[in-house]
Amino acid sequence: MKRLTVGRSPDNDIVYDDPTVSGHHAYLIIDNGRVSITDHSTNGTWVNGQKLHNNTCDIRIEDNILFPGNNRFDWGLISDNLNKTQFLNPQVNPNTNQEYSKQDPRLTPYTDNNNGPSYKYQITTMSFSEAIASVFKHYADFSGRARRSEYWWFALLSFCINLIPYIGFIWALVVIIPSLAVAIRRLHDIGKSGWYILFGLIPLVGIILLIVWFCQDSVEGNNEYGVNPKMKMVA
């Protein structure tokens, strides 16, 4: 997971030298191909022409992100080899060093209708197949968050397979790493460090405590480990 800060102050990862952009305007979280932006500015941020203000939404590569002053966000800045504090003139294409055309619809100014954010999160469900696919997709991923359904659907599958002689033993060996990874992400989801998994070494009491934690609901909104996995952006 990577976290980038955006704003006018020089201590940001991406700096816009424009007085209409707040000192610490917003931040982006990039986690396993998923990108979200959280605005906590004075003037807001525009996603595809809709104002996002003191709120969070997922964004995609095809989205048009504008900061105040018609400052366009350059998606190339979230590459893995991003250096700390890159000063950006958003009106200049870094590949051609030419100004973007004023006819470019991506730079068309938008009118703020003061209706507040047009993007919000909606709670989604996770099916059995989605949960298992997610666990194996993040096979050795010990960062980010995992919702309750992801953890418990996988735990149910493992329990059932472990009842099968011989096959259960092989399965247990295969899923040692993803089982540990999803457990740690489940702890992250409720705002706890992954090191709390070591409570499982305490006989009986530690196991009970982990089960109680694994049954807790996701922390609302973002936390230090990423965006809430239960929520999906809707217009």
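Refer to the structure printed above.
Not measured: the values here are computed from a predicted model.

A. Layout of the overall build of the protein chain. Counting its secondary structure elements, the protein chain contains five helices and twelve strands. Here the protein chain holds 235 residues, and 45% of them are scored as buried. Excluding contacts between residues fewer than 6 apart, the proportion of contacts in the protein chain whose partners are at least 24 apart in sequence is 55%. If you sum the accessible surface of the protein chain, you get close to 12,900 Å²; carbon and sulfur atoms cover 60% of it.

B. Structural detail: a nonpolar patch on the surface. A surface patch of nonpolar side chains, amounting to about 910 Å² of accessible area, comprises Phe136, Tyr139, Phe142, Phe169, Ile170, Leu173, Val174, Ile176, Ile177 and Leu180. Listed by contribution, the elements that provide at least two residues to the nonpolar patch are helix H3 (167–174) and helix H4 (176–189). Residue contributions to the nonpolar patch peak at four residues, all from H3.

C. Structural context of helix H1 (residues 128–137). Of all the residues in H1, the buried ones are Ala131, Ile132, Ser134 and Val135. All buried residues of H1 fall inside an arc of 160° around its axis, so they share one side. Facing away from the buried surface of H1 by more than 90 degrees, the exposed residues are Ser129 and Lys137. Lining the buried residues of H1 we find helix H2 (148–162) and H4.

D. View of the packing of H1 against H2. Packing of H1 against H2 leaves a shortest axis separation of 8 Å and a crossing angle of 95°. With respect to H2, the element H1 is oriented roughly perpendicular. Note on element contacts: H2 touches H1 through Ser149, Glu150, Trp153, Phe154 and Leu157, opposite Phe128, Ala131, Ile132, Ser134, Val135 and Phe136. In the contact of H1 with H2, the residues fall into eight nonpolar, two polar and one charged.

E. Seen up close, unusual backbone geometry. Despite not being glycine, Asn54 has its phi angle at roughly 50°, a positive value. Positionally, Asn54 belongs in the loop between strand S6 (50–52) and strand S7 (56–59). We note that Tyr166 has phi near 70°; this positive angle belongs to a residue other than glycine.

F. Main features of the pairing of S7. Residues Thr56 and Asp58 point to one face of S7 and Cys57 and Ile59 to the other, with burial holding for every one of them. Summarising the sheet, strand S4 (residues 34–39) and S7 pair through four bridges and their orientation is antiparallel. Opposite Ser36, over in S7, you have Asp58 as the bridge partner.

G. Inspection of helix H5 (residues 205–214) at higher detail. Here H5 has its buried residues at Gly206, Leu210, Trp213 and Phe214. The arc that holds the buried residues of H5, viewed along the axis, is 95°, so those residues lie on one side. Of the surrounding elements, those touching the buried residues of H5 are H2 and H4.

H. Inspection of the side chain of Thr45 at higher detail. Within the secondary structure, Thr45 is located in strand S5 (residues 45–47). In terms of polar contacts, Thr45 uses its side chain to reach the side chain of His25, at 3.0 Å. Non-local contacts of Thr45, meaning those with residues more than four positions away in its chain, are made with His25, Ile37, Asp39, Gln50, Lys51, Leu52, Ile65, Leu66 and Phe67.

I. The arrangement of the packing of aromatic side chains in detail. Enumeration over the complete set of coordinates arrives at twelve aromatic pairs. Residues Phe67 and Phe73 carry aromatic rings whose centres are separated by 6.5 Å and whose planes lie at 85° to one another, so their mutual orientation is edge-to-face. Given a relative accessible area of 2%, Phe73 falls into the buried group. Centre to centre, the rings of Phe136 and Trp171 are 6.1 Å apart; their planes meet at 70°, and the pair counts as edge-to-face. Within this pair, whereas Phe136 is found in helix H1, its partner Trp171 is found in helix H3, the two being separated by 35 residues in sequence. When its relative accessible area of 16% is taken as the criterion, Trp171 is described as buried. In this structure an aromatic cluster arises from ring pairing among Phe136, Tyr139, Phe154 and Trp171. Taking the ring centre of Tyr27 as reference, the NZ or CZ of Arg3 above it sits at 4.0 Å.

Definitions and cut-offs
Residues numbered from 1 in each chain as written. Predicted model: local features only at pLDDT ≥ 70, side-chain atom pairs only at ≥ 80, totals over all residues. Heavy atoms only, no water. Helix = DSSP H or I, 4+ residues; strand = E, 2+ residues; numbered from the N terminus. Buried < 20%, exposed > 50% of the residue type's maximum accessible area, 1.4 Å probe, protein only. Contact = heavy atoms within 4.5 Å. Areas by Shrake-Rupley, 256 points an atom, 1.4 Å probe, with all protein chains shown as cover. Patch = residues over 30% accessible without salt bridge, like charges linked within 9 Å, V, L, I, M, F, W, Y side chains within 5 Å. Salt bridge = Lys/Arg side-chain N within 4 Å of Asp/Glu carboxyl O. Arc of directions from axis to C-beta. Axes fitted to C-alpha atoms, helices over the stretch in contact; angles between N-to-C directions. Parallel < 35°, antiparallel > 145°, perpendicular 65-115°, else oblique. Nonpolar A, V, L, I, M, F, W, Y, C, P; charged D, E, K, R; others polar. Pairing = 2+ DSSP bridges. Polar contact = N/O pair within 3.5 Å; in protein donor to acceptor, adjacent residues only side chain to side chain. Phe/Tyr/Trp six-rings, centres within 6.5 Å; stacked < 30°, edge-to-face > 60°. Lys NZ or Arg CZ within 6 Å of the ring centre and 35° of its normal.

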